[in-house]
Amino acid sequence: MRIFLIAETCTELEALPDALPARGFVWIASARREFEVGSPVLQSRLHQWGCGPLVDLHVSDLLSNQLPSQFDYTSWYDLMVFRRLAAAPGSSGLFLDEEHGTLASARRALQAIDTSPVGFAVYDRLLLTVHPADCQVRDHFAQRLLQMPAGGNGSSRIPPSPADLMLRIVNHMVDSYLELRRLLTRQLATLQQELFGPRSRSVDWQMLLESRNTLHMLEDICEDQRSAVQEWIDALDEWPPEADDHARRERELLRVRSRDVLEHIERVLGHVRRLESSIESAVQMHFSAVGQRTNDIMRTLTVLTAIFLPLNLITGIFGMNFDALPLIHDATGFWIALLLMAGIGGGLGALFWRKRYLGTRH
């Protein structure tokens, strides 16, 4: 569990403070297991600070590793559970470059997708976050806040409120989808190469089905993220109006940042849907290519059958058991029949070649 006092600068505390600061706020970033063990102590501190303890149902939500993205609120705090989309550490070296990979690396890339939830309890002067173990998002923001100077501008300034810090963390988790997007693009490119390669008959259809299921899962996660952020925006509009201009400006910045997060989620959702459409189109094109190859083979066999059919007719006629057949008793009869069959076969072959029934170019 890491504790930060955020005012004009960010300071990391060694233990929970006895009281919340008059200016600024406290950020408590806890791993899920640490939160489970230290929940009774934290609940008593929340009561001591006058923040109102967490509802038991919300505690269970924060401890759950399978909960989808959602938003809820009480009179004391707002609760946001946001599932991150990220590539597991070490997955960037699975592919040689943007175009080359193997089925084994593609399978490992599919298994390297991390969708763990991160929970936020947003009070007026306190932000409580519950992360997976060894969460890179928590460590990233902890290091970034500790290095921020006082009086910065824009995104480099110290967050003025717990809600602002929560939105920054959520926005960072959405933007971290970029690395996952590259990983998924390479994985699907490898599958598409297998679909259209010379050995496309040996496609790993089980892996292709797993890829489609993963994309459907990511789409559901993105839709849950969008719904959660939209509910947060609706709840933000229902907050009591602020009295002074500075507070109203901070409220408006929260709305702008919330809409920006929602727009980023829409872009991620659109990209996931494009990947789904791409893999569906690749499967359809694969079956079309297989059907085209089958048609080429059947056309060639049909043309060869059409060429040899009159030759079989000629040999059948001269093979009849009649004594008065023409050319039967002639010494040149065999050569005449042979030249006749060769001429008919060559003529039909030339005709079919001219009509492009034979050959590889169409």
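What you are looking at is a predicted structure, and each value in this text was computed from that prediction instead of being measured.

(A) The packing of aromatic side chains, seen in detail. For the structure shown, the criterion picks out 6 aromatic pairs. Consider the rings of F71 and W232, whose centres lie 5.9 Å apart with planes at 80 degrees: the pair is edge-to-face. With a gap of 161 residues between them, F71 in strand β4 (residues 70–73) and W232 in helix α7 (residues 205–237) connect regions that are remote in the sequence. The class for W232 is buried, based on a relative accessible area of 1%.

(B) Region of the structure containing the pattern of salt bridges. Per the stated rule, a full pass over the model turns up 14 salt bridges. With a shortest N-O distance of 3.7 Å, D139 and R2 are connected by a salt bridge. Of this pair, D139 sits in helix α4 (residues 136–147) while R2 is found in strand β1 (residues 2–6), placing the two residues 137 residues apart along the sequence. Overall, the relative accessible area of 33% leaves D139 in the partly exposed class. For R2, a relative accessible area of 23% corresponds to the partly exposed category. Among the ionic pairs, R33 bridges to E36, the shortest N-O distance being 3.2 Å. You can see R33 and its partner E36 sitting in helix α1 (residues 32–49), 3 residues apart, about one turn around the helix. Residue classification places R33 among the exposed positions, given a relative accessible area of 55%.

(C) Geometry of the sheet that holds strand β8 (residues 117–122). The strand order across the open sheet formed by 7 strands is β2-β1-β3-β9-β8-β5-β4, and the pairing between neighbours is mixed. The open sheet has two edge strands, β2 (10–13) and β4, and neither has a second partner. Between one strand and the next, the sheet's axes are offset by a mean angle of 15 degrees, whatever the strand orientation. When strand β3 (residues 25–31) meets strand β9 (residues 126–131), the two strands line up parallel, connected through 6 bridges. Considered in β9, the bridge of W27 is made with L127. Sheet strands touched by helix α2 (residues 56–63): β4, β5 (78–83), β8 and β9. Its angle to β5, the strand with the most contacts, is close to 20 degrees. Running over the sheet, helix α5 (residues 162–175) touches β1, β3, β5, β8 and β9 and is turned about 165 degrees from β8.

(D) A nonpolar patch on the surface, seen in detail. Where nonpolar side chains cluster on the molecular surface, the patch consists of L313, I317, F318, M320, F322, L327, I328 and I336 and spans about 700 Å² of accessible area. Among the elements that take part in the nonpolar patch, helix α8 (residues 245–318) stands out by supplying 3 residues, more than any other. In this structure, I336 sits in helix α9 (residues 333–354).

(E) Layout of a negative patch on the surface. Judged by side-chain charge, D72, E231, D234 and E238 come together as a negatively charged surface patch. Among the secondary structure elements, D72 is positioned in strand β4. Overall, the relative accessible area of 32% leaves D72 in the partly exposed class.

(F) Structural detail: the environment of R251. Tracing the chain through its elements places R251 in helix α8. Given the relative accessible area of 8%, R251 is considered buried. In sequence terms R251 and P241 are 10 residues apart; their C-alpha atoms lie 9.0 Å from each other. Contact partners of R251, with chain neighbours within four places excluded, come to L236, W239, P240 and E242. Within the structure, R251 has its side chain in polar contact with the backbone oxygen of P240 (distance 3.1 Å).

(G) Examining α4 more closely. For α4, with 12 residues, the first-to-last C-alpha span of 17 Å sits near the 16 Å given by 1.5 Å per residue. The complete set of buried residues in α4 reads V137, R138, F141, A142 and L145. For α4, the buried positions fall inside an angular range of 125 degrees around the axis, keeping them on one side. Along α4, exposed side chains directed more than 90 degrees from the buried face belong to Q136 and Q147. As for α4, its buried residues are in contact with β1, β2, β3, α1, β9 and α5.

Reading the values: the criteria
Residues numbered from 1 in each chain as written. Predicted model: local features only at pLDDT ≥ 70, side-chain atom pairs only at ≥ 80, totals over all residues. Heavy atoms only, no water. Phe/Tyr/Trp six-rings, centres within 6.5 Å; stacked < 30°, edge-to-face > 60°. Helix = DSSP H or I, 4+ residues; strand = E, 2+ residues; numbered from the N terminus. Buried < 20%, exposed > 50% of the residue type's maximum accessible area, 1.4 Å probe, protein only. Salt bridge = Lys/Arg side-chain N within 4 Å of Asp/Glu carboxyl O. Pairing = 2+ DSSP bridges. Axes fitted to C-alpha atoms, helices over the stretch in contact; angles between N-to-C directions. Contact = heavy atoms within 4.5 Å. Patch = residues over 30% accessible without salt bridge, like charges linked within 9 Å, V, L, I, M, F, W, Y side chains within 5 Å. Areas by Shrake-Rupley, 256 points an atom, 1.4 Å probe, with all protein chains shown as cover. Lys, Arg positive; Asp, Glu negative; His and termini not counted. Charge placed at Lys NZ, Arg CZ, Asp CG, Glu CD. Polar contact = N/O pair within 3.5 Å; in protein donor to acceptor, adjacent residues only side chain to side chain. Expected span 1.5 Å × (residues − 1). Arc of directions from axis to C-beta.

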